[in-house]
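# Breakdown of the fold
The primary structure of each chain is shown beneath.
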Amino acid sequence: MNNFEEYCTTFVQSVGSKDGAVSPVLIGSASFGYGTPQIAEGIFDGSVKKPLYSRMGNPTTAKLESILAEMDGGIGAVATSSGMGATTLAVMSLLASGDEVISIGGLFGGTYSLFSETLSRFGITTHFFDVDEFDAIQNAITKNTKIIFLESVGNPNMRLPDIKKIATIAHEAGVALIVDNTITPLSILPLKLGADIVVYSTTKIISGNASALGGCAIFRAIGEGEDKFKSPRYDFLAKFIKSAGGMALIPNAKKRALRDFGMSANAHASYQTMLGLETLPLRLSRVIQSIEIIVKELHEQGLNINHPSLVKHPHHARYLEQFQNGCGTLFTIDMGTKEKAFEFLNKTKLATITANIGDSRTLALHMASTIYRDFDDETKKFLGITDGLIRISIGLESPHDIINDFLQASK
Ligand SMILES: *Cc1c(COP(=O)(O)O)cnc(C)c1O
């Protein structure tokens, strides 16, 4: 099991500074004085690299962006007010009325409603598929398809995608692939597997302790030769490619989404997020080891557990081959009925009942009565939401304490 050694070095070294303040400098100012009208003009035309206004970029947030871009091997990143802000930024920067999206996997509730309820009001159609419907995915691509959207791990259905295979489909069709990698930072590097944009909710394990809402979109460089983003499908990018070259997806995201929708990161949250990042590799490597111990024991004790490390899981082979660094902090327990699920949640002493995931503490939530309460039966079936389903996010506690607590709660 990889312990994310290289990140242990790079994160603490890049967050801390050797000259002056060691902890990142927190610049809370919303606006910045330009000094002279000449400098103001230069800032607005891009020839002077100084902050313009915090909606368009903030020095503290810029530091976070550069660390996250490096983490995933991107050319740059845009941090946002939340994970939904990052998804909205990435998709709205590429979409116009009449376009189509292909969305694959067991989707996070907010993303599902963004595609199905909200973007549909603006004339954008989304087609939803399970991770293994490769032929149907390929056949659904039309000249209007601008985005294939994928989650690295189904939340909460725990299905694992073959990211490389889907990236190949996207690449051959010349369509952008966006991966929501919130559940598996460091474990999965989507840009290296062929994705074009990665989005995160940094609220989750990246911050790690419920102290800061935030998100980030990380972009790959556009190639100097042929590139899918130079095709007529993305003709609106041409002017940004002309002015910014390989960086084009960043001004495109800032001018077509951030400037006008305003999902900008808050400098205080960016500061907190960097403090979380310093210990991300340590926390993640502990949790991905604990979770296998926990799910194995609970499964052997007769609980109905869903996690790809269990041999019974349909994607167990894929877990062993492609998710060698684990698949995050989540698993589910199906207690059979809502009553039994509530009884479990009332009896657990360790789990905090909340909608968050990826925290230092173990968290739990009954799915059907909370996040998915407004979804009809057919959608719940597609997303794998059953009456007794509890989602668990494992924290830093001793795995044996968690096992003992869950066993007493399930009796
Ligand atoms: C939480 C979450 C989001 C949304 O993030 P917020 O910071 O709450 O807006 C998006 N995708 C996934 C997979 C998530 O778990």
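The shown structure was predicted, so the numbers you read here are calculated from the model rather than taken from an experiment.

## Considering helix H14 (residues 399-409)
Among the residues of H14, Pro 399, Ile 402, Ile 403, Asp 405, Phe 406, Leu 407 and Ala 409 are the ones counted as buried. Where the residues of H14 are buried, they touch helix H10 (267-300), strand E9 (330-334), helix H12 (338-347) and strand E12 (389-393).

## Details of the domain arrangement of the protein
One widely used convention gives an interface's size as the accessible area the parts lose upon coming together. Domain annotation for the protein reports domain 1 (3-276) and domain 2 (281-409). With 43 residues of domain 1 at the interface, the matching set in domain 2 holds 41 residues. On the domain 1 side of the interface with domain 2, the three residues burying the most area are Pro 156, Met 158 and Leu 160, jointly 22% of the side's total. Summed over the shared surface of domain 1 and domain 2, the number is 1 salt bridge.

## Overview of the pattern of salt bridges
In the structure shown here, the tally under the stated rule is 11 salt bridges. Note that Arg 220 and Asp 196 form a salt bridge whose closest N and O atoms lie 2.6 Å from each other. Placement of the pair is Arg 220 in the loop between strand E7 (215-219) and helix H8 (238-244) and Asp 196 in the loop between strand E5 (176-180) and strand E6 (197-201), with a sequence separation of 24 residues. For Arg 220, a relative accessible area of 17% puts it in the buried group. Each member of the salt-bridge network shares a partner with another, and the members are Asp 130, Asp 132, Arg 159 and Arg 318.

## As for the nonpolar core
When a protein is soluble and globular, its nonpolar side chains tend to lie buried together. One finds Leu 89, Val 91, Ile 148, Leu 177, Ile 178 and Phe 219 to be the most contacted residues of the largest nonpolar core, which totals 74 residues. The two domains that each donate at least three residues to this core are domain 1 (3-276) and domain 2 (281-409). Discounting residues that sit within four places of it in the chain, Phe 219 has contacts with Gly 74, Ile 75, Gly 76, Ala 77, Val 78, Leu 89, Leu 191, Asp 196, Ile 197, Leu 249, Ile 250 and Ala 253. Val 198, Tyr 200, Ala 265 and Leu 277 belong to the second-largest nonpolar core, a separate cluster that totals 25 residues.

## Thoughts on the site of the ligand
Neighbouring residues of the ligand: 13 residues in total, closest Gly 83, Asp 180, Ser 201, Thr 203 and Lys 204. Between the ligand and Gly 83 there is a distance of 2.8 Å, counted from an oxygen atom to a backbone nitrogen or oxygen. In the model, an oxygen atom of the ligand is placed 2.8 Å from a nitrogen or oxygen of the Lys 204 side chain. Within the complex, the protein chains bury 91% of what would otherwise be the 380 Å² of accessible surface of the ligand.

## Looking at the side chain of Arg 391
Position of Arg 391 relative to the elements: it lies in strand E12. At a separation of 2.9 Å, a polar atom in the side chain of Arg 391 contacts the side chain of Asn 155. There is a polar contact of 2.9 Å between the side chain of Arg 391 and the backbone oxygen of Ala 355.

## Section: a negative patch on the surface
Together, Glu 339, Asp 376, Asp 377, Glu 378 and Asp 387 line one region of the surface with negative charge. On the secondary structure map, Glu 339 appears in helix H12. Look at Glu 339 and you get exposed, because its relative accessible area is 58%.

## Regarding the sheet that holds E7
Note on sheets: strands pair through backbone hydrogen bonds, and any given pair is parallel or antiparallel. The strand order across the open sheet built from 7 strands is E1-E7-E6-E5-E4-E2-E3, with neighbouring strands paired in mixed fashion. In the strand order of this sheet, the two ends are held by strand E1 (76-80) and strand E3 (125-129), each with one partner. Adjacent strand axes in the sheet meet at a mean angle of 20° when their direction is disregarded. As defined by bridge partners, E5 adjoins E6 across 3 bridges and the pair is classed as parallel.

What counts as what
- Residues numbered from 1 in each chain as written.
- Predicted model: local features only at pLDDT ≥ 70, side-chain atom pairs only at ≥ 80, totals over all residues.
- Heavy atoms only, no water.
- Buried < 20%, exposed > 50% of the residue type's maximum accessible area, 1.4 Å probe, protein only.
- Helix = DSSP H or I, 4+ residues; strand = E, 2+ residues; numbered from the N terminus.
- Contact = heavy atoms within 4.5 Å.
- Domains from an automatic or database assignment.
- Buried area = accessible area lost by both parts, 1.4 Å probe.
- Salt bridge = Lys/Arg side-chain N within 4 Å of Asp/Glu carboxyl O.
- Core = buried A, V, L, I, M, F, W, Y, C linked by side-chain atoms within 4.5 Å.
- Near = heavy atom within 4 Å.
- Polar contact = N/O pair within 3.5 Å; in protein donor to acceptor, adjacent residues only side chain to side chain.
- Areas by Shrake-Rupley, 256 points an atom, 1.4 Å probe, with all protein chains shown as cover.
- Patch = residues over 30% accessible without salt bridge, like charges linked within 9 Å, V, L, I, M, F, W, Y side chains within 5 Å.
- Lys, Arg positive; Asp, Glu negative; His and termini not counted.
- Charge placed at Lys NZ, Arg CZ, Asp CG, Glu CD.
- Pairing = 2+ DSSP bridges.
- Axes fitted to C-alpha atoms, helices over the stretch in contact; angles between N-to-C directions.

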